[in-house]
2 protein chains.
Amino acid sequence: VMNGIRDKVLTLDTMNQSVKNIEYAVRGPILLRAMEAEGRHWGVKKPFTEIIRANIGDAQAMGQKPITFMRQVLALCQYPDLLSSPSFPEDAKKRAMRILQSCEGHSTGSYSASAGIQMIREDVARYIEHRDGGIASDPDNIFLSTGASSAIMAVLNLLVSGKGKTRTGVMIPIPQYPLYSATLAEFDAVQINYYLNEEHYWGLDVAELQRALEQAKAHCQPRVLCVINPGNPTGQVLSRENIEAVIRFAYEEHLFLMADEVYQDNVYAEGSQFHSFKKVLMEMGSPYAQQLELASFHSCSKGYMGECGFRGGYTEVVNMDPAVKQQMLKFQSVRLCPPVLGQILIDIVTNPPQPGEPSYQQFQQEKKAVLSGLAEKAQLTEKILNKQPGIHCNPVQGAMYSFPCIQLPPKALQRAEELGQPADMFFCIQLLEETGICVVPGSGFGQKDGTYHFRMTILPPLEKLKILLEKLSQFYAKFTQEYS
Amino acid sequence: VMNGIRDKVLTLDTMNQSVKNIEYAVRGPILLRAMEAEGRHWGVKKPFTEIIRANIGDAQAMGQKPITFMRQVLALCQYPDLLSSPSFPEDAKKRAMRILQSCEGHSTGSYSASAGIQMIREDVARYIEHRDGGIASDPDNIFLSTGASSAIMAVLNLLVSGKGKTRTGVMIPIPQYPLYSATLAEFDAVQINYYLNEEHYWGLDVAELQRALEQAKAHCQPRVLCVINPGNPTGQVLSRENIEAVIRFAYEEHLFLMADEVYQDNVYAEGSQFHSFKKVLMEMGSPYAQQLELASFHSCSKGYMGECGFRGGYTEVVNMDPAVKQQMLKFQSVRLCPPVLGQILIDIVTNPPQPGEPSYQQFQQEKKAVLSGLAEKAQLTEKILNKQPGIHCNPVQGAMYSFPCIQLPPKALQRAEELGQPADMFFCIQLLEETGICVVPGSGFGQKDGTYHFRMTILPPLEKLKILLEKLSQFYAKFTQEYS
Ligand SMILES: Cc1ncc(COP(=O)(O)O)c(C=O)c1O
Ligand SMILES: Cc1ncc(COP(=O)(O)O)c(C=O)c1O
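Everything numeric here is computed off the predicted structure, so don't read it as measured data.

Reading the values: rules and limits
- All residue numbers refer to positions counted from 1 along the written sequence of the respective chain.
- Think of it this way: whatever chain is written first is A, whatever ligand is written first is 1, and the rest follow in order.
- With the structure being a predicted model, the display of local features is reserved for residues of pLDDT at least 70 and the display and counting of side-chain atom pairs for 80 or more, all residues being used for whole-chain, interface and lining totals.
- Excluding hydrogens and water, the side-chain values take into account all heavy atoms of the structure.
- The criterion for a residue being near a molecule or strand is simple. One of its heavy atoms has to lie within 4 Å of it.
- Between N or O atoms, a polar contact is any pair within 3.5 Å; within protein, one atom must be a potential hydrogen donor and the other a potential acceptor, and residues adjacent in sequence are included only when both atoms are from side chains.
- With residues, only the protein chains shown are counted as cover, and all accessible areas are computed by Shrake-Rupley using a 1.4 Å probe.
- Counting from the N terminus, the helices are the DSSP runs of H or I reaching at least four residues and the strands are the DSSP runs of E reaching at least two.
- A pair of cysteine sulfur atoms is labelled a disulfide when the two atoms are within 2.5 Å.
- Throughout, exposure labels follow a simple rule: accessible area from a 1.4 Å probe, protein chains only, divided by the maximum for the residue type, with under 20% read as buried, over 50% as exposed, and the rest as partly exposed.
- The salt bridge definition used is simple: a Lys or Arg side-chain nitrogen within 4 Å of an Asp or Glu carboxyl oxygen.
- By convention, a stacked pair of Phe, Tyr or Trp rings (six-membered ring in the case of Trp) has centres within 6.5 Å and planes under 30 degrees apart, an edge-to-face pair has planes over 60 apart, and any other such pair is tilted.
- For a ring to carry a charge above it, either NZ of a lysine or CZ of an arginine must fall within 6 Å of the ring centroid while also lying within 35 degrees of the normal to the ring plane.
- Alignment of copies: least-squares fit on C-alpha atoms of residues with pLDDT of at least 70 in both copies.
- Any two residues whose heavy atoms approach within 4.5 Å at even a single point are treated as in contact.
- At least two bridges found by DSSP between two strands are what make those strands a pair.
- UniProt positions are given in the numbering used here, feature names are shortened, and annotations may be inferred rather than shown by experiment.
- Defined here as a combined quantity, buried area equals the accessible surface (1.4 Å probe) lost by two parts on assembly, summed across both.
- Per-residue confidence from the predictor is reported as pLDDT, a score between 0 and 100.
- All the domain ranges listed were derived from an automatic or database domain assignment.
- We call Asp, Glu, Lys and Arg charged. Ala, Val, Leu, Ile, Met, Phe, Trp, Tyr, Cys and Pro are nonpolar, and the rest, Gly among them, are polar.

1. Here's the deal with the site of ligand 2
Step number 1: Contacts to ligand 2 come from 17 residues, most closely from Ser149, Asn232, Asp260, Ser299 and Ser301 of chain B.
Step number 2: In this structure ligand 2 sits where residues from chains A and B come together.
Step number 3: Ser301 of chain B places a polar side-chain atom, nitrogen or oxygen, 2.6 Å from an oxygen atom of ligand 2.
Step number 4: Within the side chain of Lys302 of chain B, an N or O atom sits 2.9 Å from an oxygen atom of ligand 2.
Step number 5: Considering ligand 2 on its own, with 400 Å² of exposed area, one finds that the protein chains cover 98% of that surface.
Step number 6: When residues in the shell around ligand 2 are grouped by element, the largest group, four residues, is from helix α6 (residues 147-159) of chain B.

2. Describing the state of the cysteines
Step number 1: Following the criterion strictly, the structure yields zero disulfides over all chains and no others.
Step number 2: Its sulfur unpaired, Cys220 of chain A is 13 Å from the next cysteine sulfur, which belongs to Cys226 of chain A.
Step number 3: There is no disulfide at Cys308 of chain B, and the cysteine sulfur nearest it, in Cys300 of chain B, is 7.8 Å away.
Step number 4: Cys308 of chain B gets classed as buried once you look at its relative accessible area, which sits at 0%.

3. Considerations on the pattern of salt bridges
Side chains carrying opposite charge are able to pair once their charged atoms draw close together.
Step number 1: The full count for this structure, using the stated rule, is 38 salt bridges over all chains.
Step number 2: We note a salt bridge from Arg53 of chain B to Glu104 of chain A, for which the minimum N-O separation is 3.7 Å. Here Arg53 of chain B, found in strand β1 (residues 52-53), pairs with Glu104 of chain A, found in the loop between α4 (90-101) and α5 (118-131), and the two come from separate chains.
Step number 3: A residue is classified by how much of its surface remains accessible, and Glu104 of chain A, at 35% relative accessible area, is partly exposed.
Step number 4: Each member of the salt-bridge network shares a partner with another, and the members are Arg98, Asp123, Arg126 and Asp347 of chain A.

4. Quick look at the packing of aromatic side chains
Step number 1: Applying the stated criterion across every chain, the model contains 30 aromatic pairs over all chains.
Step number 2: For the pair Phe88 of chain A and Tyr79 of chain B, a centre-to-centre distance of 5.4 Å together with 45° between the ring planes defines the contact as tilted. On the criterion of chain membership, the pair formed by Phe88 of chain A in the loop between α3 (68-78) and α4 and Tyr79 of chain B in the loop between α3 (68-78) and α4 (90-102) is interchain, its members lying in two chains. Both residues of the pair, Phe88 of chain A and Tyr79 of chain B, count as buried.
Step number 3: It is Arg121 of chain A that lies over the ring of Phe143 of chain A; its NZ or CZ is 6.0 Å from the centre.
Step number 4: The ring of Phe331 of chain A carries the charged tip of Arg335 of chain A above its face, separated from the ring centre by 3.8 Å.

5. Side note on the relation of the copies chain A and chain B
Step number 1: With an RMSD of 0.0 Å, the fit of chain A onto chain B corresponds to turning through 180° and sliding 0.0 Å along the axis. Such values leave the two copies arranged in the relation of a two-fold axis. Rotation axis and chain A: the residue whose C-alpha lies nearest the axis is Ala75 of chain A, separated from it by 2.2 Å.
Step number 2: Most of the interface of chain A is mirrored in chain B: 100% of its interface residues are interface residues there too.

6. Thoughts on the sheet that holds strand β13 (residues 440-441) of chain A
Residue and element names in this part refer to chain A.
Step number 1: Reading across from one edge, β10-β14-β13 is the order of the three strands in this open sheet, with antiparallel pairing throughout. Either end of the sheet is taken by a strand with one partner, and the two such strands are β10 (401-402) and β13.
Step number 2: Sheet topology note: the β13/strand β14 (residues 454-457) ladder contains two bridges and is antiparallel. When the bridges of β14 are listed, Pro441 appears paired with Phe454.

7. So, the sheet that holds strand β14 (residues 454-457) of chain B
Step number 1: One open sheet accounts for three strands, arranged β10-β14-β13 (chain B); its pairing is antiparallel. One side of each edge strand has no neighbouring strand; the edge strands of this open sheet are β10 (401-402) and β13 (440-441) of chain B.

8. Side note on the UniProt feature "domain: Aminotransferase class I/classII large" (unreviewed entry) in chain A
Step number 1: Under the UniProt annotation, the feature "domain: Aminotransferase class I/classII large" (unreviewed entry) is placed at residues 85-472 of chain A.
Step number 2: Span residues 85-472 of chain A is 44% helix and 15% strand, its end C-alpha atoms 49 Å apart.

9. Things to note about the interface of chain A and chain B
Step number 1: Listed by partner, the interface residues are 91 residues for chain A and 91 residues for chain B.
Step number 2: Summing the contributions of chain A and of chain B, the shared interface buries around 7,700 Å²; its carbon and sulfur component is 57%.
Step number 3: Our enumeration of links across chain A and chain B arrives at four salt bridges.
Step number 4: Glu186 of chain A serves as the salt-bridge partner of Arg335 of chain B, at 2.8 Å between the closest nitrogen and oxygen.

10. Considerations on the confidence of the model for chain A
Step number 1: Mean pLDDT over chain A: 93, with 94% of residues reaching 70 or higher.
Step number 2: ipTM for the predicted complex: 0.92, alongside a pTM of 0.93.

11. Some remarks on the site of ligand 1
Step number 1: Surveying the vicinity of ligand 1 reveals 17 residues, the closest of which are Ser149, Asn232, Asp260, Ser299 and Ser301 of chain A.
Step number 2: More than one chain reaches ligand 1: its neighbouring residues belong to chains A and B.
Step number 3: At a separation of 2.5 Å, an oxygen atom of ligand 1 approaches a polar side-chain atom of Ser149 of chain A.
Step number 4: Here a nitrogen atom of ligand 1 sits 2.6 Å away from a polar atom, N or O, in the side chain of Asp260 of chain A.
Step number 5: Taking 390 Å² as the accessible area of ligand 1 by itself, protein coverage stands at 98%.
Step number 6: Top element by residues in the shell around ligand 1 is helix α6 (residues 147-159) of chain A. It accounts for four residues.

12. Digging into the domain arrangement of chain A
Residues and elements named next belong to chain A.
Step number 1: Each assigned domain of chain A is listed here: domain 1 (17-62 + 365-482) and domain 2 (111-350).
Step number 2: Between the C-alpha centres of domain 1 and domain 2 the distance comes to 27 Å.
Step number 3: Across the contact, 36 residues belong to domain 1 and 36 residues belong to domain 2.
Step number 4: For the pair domain 1 and domain 2, the two sides together bury roughly 3,000 Å², of which 58% comes from carbon and sulfur.
Step number 5: Between domain 1 and domain 2 we count zero salt bridges in total.
Step number 6: On the surface where domain 1 and domain 2 come into contact, there are 17 residue pairs in polar contact (both at pLDDT 80 or more).
Step number 7: For the side of domain 1 that touches domain 2, the element with the highest residue contribution is helix α14 (residues 360-387), accounting for six residues.
Step number 8: Of the residues that constitute the side of domain 1 that touches domain 2, the class distribution is 19 nonpolar, twelve polar and five charged.

13. Remarks on the pairing of strand β8 (residues 312-318) of chain A
It is a general feature of regular strands that their side chains alternate between the two faces of the sheet.
Residues and elements named next belong to chain A.
Step number 1: Most of β8 is tucked away: seven of the seven residues are buried.
Step number 2: Burial of the side chains of β8 extends over both faces: Gly312, Tyr314, Glu316 and Val318 are buried on one face and Gly313, Thr315 and Val317 on the other.
Step number 3: Direction of pairing for strand β2 (residues 142-146) relative to β8: antiparallel, over a ladder of five bridges. From the neighbouring strand, Ile142 faces β8, where its bridge partner is Glu316.
Step number 4: As paired elements, strand β7 (residues 294-299) and β8 share six bridges and run antiparallel to each other.

14. With respect to unusual backbone geometry
Step number 1: Here Ser286 of chain A and Pro287 of chain A are connected by a cis peptide whose omega angle stands at -5°.
Step number 2: Turning to its location among the elements, Pro287 of chain A is positioned in the loop between α10 (277-284) and α11 (288-291).
Step number 3: Put simply, Asn232 of chain B and Pro233 of chain B share a cis peptide bond, and its omega is 10°.
Step number 4: Note that Pro233 of chain B resides in the loop between β5 (221-228) and α9 (240-252).
Step number 5: Its identity as a non-glycine residue notwithstanding, Tyr201 of chain A has a phi of 50°, on the positive side.
Step number 6: Summarising the element assignment, Tyr201 of chain A is placed in the loop between β4 (190-195) and α8 (206-217).

As structure tokens, this is what we get:
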């Protein structure tokens, strides 16, 4: 009690310490700086004309247009008066009517079943079957979700148990998408880092999985292996052989496998192809197909649609104990249901216009335009960055990011230490303040000690991206000179 | 290992036991029965023509029409081509353009800031100021959310800490909305029950708060008091004096106050009026206004709009430690952002068409029609149920539910015990199987030992509700006769 004011009930000291321990870089200090920089009064001195946000995988924020058919169906579902309007194609109307029929009270304003609208779960299962060359998928194994994020968190939540040395350990790639480390901190689970191999295009080595696992066994009970494919922030696409090896490893070590496949439509490099863990697992046959427990995640935020704001996603669980599936359903029930419009988007993603339908051609055209644009930007990014001595950038085989390695001179490291900042954070902040370019330091995703990276998206429009990459290279050259 | 099949990684035994301990009635066994009953092949014997779901507060599922203006704005935001269509009113277009301007990339498909779109947070703050007669509200204290549910869970998550006797205790009303008990089980917090006074219209007695608190102090550290006003499932509306007393109690006992005010627009009884905790708190002045920590919750799922499927909500925090507010923001960042369309609905709820604008009259008419319809149904429910000896129903002053007390004959209690069911669950299942009426047993919400209740919504259309209430009364008469 000071000046008659007593301590608050809820303070940093009294709050949930697990929540306090969460670190989250993508929307962390660098974004706050960017927002502050935008709002700041620079007077005549402001050294750039706009902030370019290459910090977050948000396609439409960077100017990508939504897929017309998707928005037509959404508008029709929202405001069914439009069903009589001549300006909407017939297949969009038919689709909207089919969806409305499957909503309680024929309205998107009602709660859905907790696992999502049944018809949409069926559409998702059919999509997976088609994607995986006919391998069966059961709608009962599909849970719609609030973005992929909520499903990933829900499955992890189910998996975390035990205390002390029996506490659940979860293997995650380093570098990782920080949802994983944040969630593990929140749930007080043990994070087990396995390092992706930067020298081999950020490949996933089973020997490294084994090393990480053996080391972790001394202080926790490893029970989960998370894989992100295509990778964020690293952009690699796993080969089929690699996936088989990962599955064998998970089976032998009795791990639950979580496959984050939200970038399944985002594969650009020649020779790269997306293989779903489910398909490979099933094709490997006994004992894997019958026994390995797998959860795969997808989202409407990425791919060619980039509909992040709707928070749509799903997970397919394979070989999950039916009693645990009931628990997962109960868990979702408490939260009532995922946003219905996100569910509708998932329906369109998994059940797009078919050949012969009026919207088919335009849908395919728009989809291809986005994906080939991304492929072009993926190449461009690698090419321009690799021209700059001191920056090394692996090919962006998939996803929406590059994660270049930067050499930083000793004096820059020293200066960063004086400021109490990780060295790549120091670099990124200087970059932002001088050029308006907003990228995220590698330290937010994890990296080998003594190496420095940043993550940037390839999402800005081509011309802007070119300028960004060139400015960034120039800034790097200037920065290293200044500190050498 | 049996037949070469080893145990699964994730089973009821190995899973997160806190999640396993969650109980959730509203979407629990009774709903599963209802769904099963709908799908079952009854042959000629099916004793009813349809399932009437009075189990969940989902207005549009029960046939309530959405507010036209809301859906127009949503459609325009989804599909901006419509901005040039002559069939939308000018104010809806203006509104949609204003919202699109505030979205990244001018699209609802982009992620928003983690706490929600800044402009909408400002609109919410202005709404609160207006609601509370001019008392200031700071947009920085507003967090948009995924329904009220996610905000309630987030604030509880922040508050739960400590171990053993210092574990956070959270006071909740009994009967309660089961999100609270479920969340406390998930977070392993200590649930402290205070009983609402059924004899006094489900009023909240401070003496009972005190009793519950003192008793709990022996085994946990009580730090939070939750109040639901208007009440779910109990339908009471707190008087201003009562709210003042609760605030004094929370202050004296150094508790964080959580006010669930999602039914703030749902007040029907003559003489009843909604008073926000924030307003009363501020008007009480020192030391309460400066020191009591409060979080208040609102939603687009209830009120006159009933837009449950969009998962929109917000919380206003008052006197929260700024460092904790940062933690809350970080917590939301991990989940990226609330659904943008839910945010838009919150914007319209808090910033509806103004007098003089083209949509003003229709909006007000539609709003009034819904609310006066609910008021009529609230009265009807009380009137019809109270005619039946053995059923006692308090007035439905607000919200969307009645929670009548039913006397059950000893033989029915005995039969329920034989079946291993709570007695009111037994009653509700029999009711469902014979009449198709789906209500939720009181045991799912909590009740005094030895009393039995059920919760039903007042949402079915008037004519259907009448039939439901009469059928229910008849069934009760028959049931008690059968078991006496
Ligand atoms: C690898 C990965 N997984 C999951 C997500 C979550 O996306 P959302 O919750 O929007 O579906 C993201 C988003 O960037 C991601 O990069
Ligand atoms: C008292 C109360 N609080 C919160 C909620 C959560 O509603 P939502 O998450 O849809 O906003 C409900 C829903 O029924 C409720 O009755």
